[in-house]
Amino acid sequence: MKKIELEIVALSHSITQTHSYAVVLGEISGLRRLPIVIGGFEAQAIAVALEHMQPSRPLTHDLMKNFMNAFNVELQEIIISDLQEGIFYSKLVCYTEHDTIEIDSRTSDALALAVRFGCPIYTYEHILENAGILMEENPEKKPKGESVGSEAASGSREDLSSMPLEDLQNLLNEVLEHEDYIRAIAIRDEINKRK
């Protein structure tokens, strides 16, 4: 089967499920999007890596990357390989100098590792056909590399815009202490917008 390369284009609160997030993957050479509902911890792990934040302690996916690096295991790619009853299944394609191995993974964990390793994300046509959404061409498309965190906390942007800069800085310190990196990204973006 032909693989289709995807990239993370958005990370936001899930509209359909409380306390969940949606990561939206976009087809590199097309207009289809693949939304996947993930948990809050995984969303945070993806956001931290996308924004190149350095948590005070390694998150689980950082630990996994460090472990793989220590034993010379490279993550070559991830493949969102199946969709059954609304649940996505993924594989980590890992290699060493002697072998290539596919390891089953939750899709959210696979994405968090893909961001850390900088490896490609793939899926198959039948998955995009069944679960993908076709986007219309839009000349005002968000430029690649724009902060994903700003979409992750768009619901709280209005609250932040009315706060004084000093209060924003105090709030940023507070959410970092609680390791709420998704909220921290939105606060940091608001602070940077004012500078």
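Residues numbered from 1 in each chain as written. Predicted model: local features only at pLDDT ≥ 70, side-chain atom pairs only at ≥ 80, totals over all residues. Heavy atoms only, no water.

- By the naming in an unreviewed UniProt entry, the chain goes by BFN domain-containing protein and is assigned to Hydrobacter penzbergensis.

## Some thoughts on the packing of helix α2 (residues 60-70) against helix α3 (residues 107-117)
- Two elements in contact, α2 and α3, have axes separated by 10 Å at closest approach and are oriented at 60 degrees. Taken as axis vectors, α2 and α3 run oblique relative to one another. Handedness of the α2/α3 crossing: right-handed. Contacts between α2 and α3 involve H61, D62, M64, K65, M68 and N69 from the former and D109, A112, L113, R116 and F117 from the latter.
- A per-class count over the contact of α2 with α3 returns five nonpolar, two polar and four charged. (Axes fitted to C-alpha atoms, helices over the stretch in contact; angles between N-to-C directions. Helix = DSSP H or I, 4+ residues; strand = E, 2+ residues; numbered from the N terminus. Parallel < 35°, antiparallel > 145°, perpendicular 65-115°, else oblique. Left-handed = near helix turned anticlockwise from the far one by under 90°. Contact = heavy atoms within 4.5 Å. Nonpolar A, V, L, I, M, F, W, Y, C, P; charged D, E, K, R; others polar.)

## Here's the deal with the pairing of strand β5 (residues 87-95)
- Examined bridge by bridge, strand β4 (residues 74-84) and β5 share nine bridges and lie antiparallel to one another. Paired with Q84 across the strands is I87, a residue of β5.
- Linkage of β4 to β5, two consecutive antiparallel strands, is achieved through a turn of two residues, within which E85 is found at a positive phi near 50 degrees.
- With seven bridges connecting them, β5 and strand β6 (residues 100-106) associate as antiparallel partners. From the neighbouring strand, L92 faces β6, where its bridge partner is I103.
- The loop that links β5 with its antiparallel partner β6 comprises four residues. (Pairing = 2+ DSSP bridges.)

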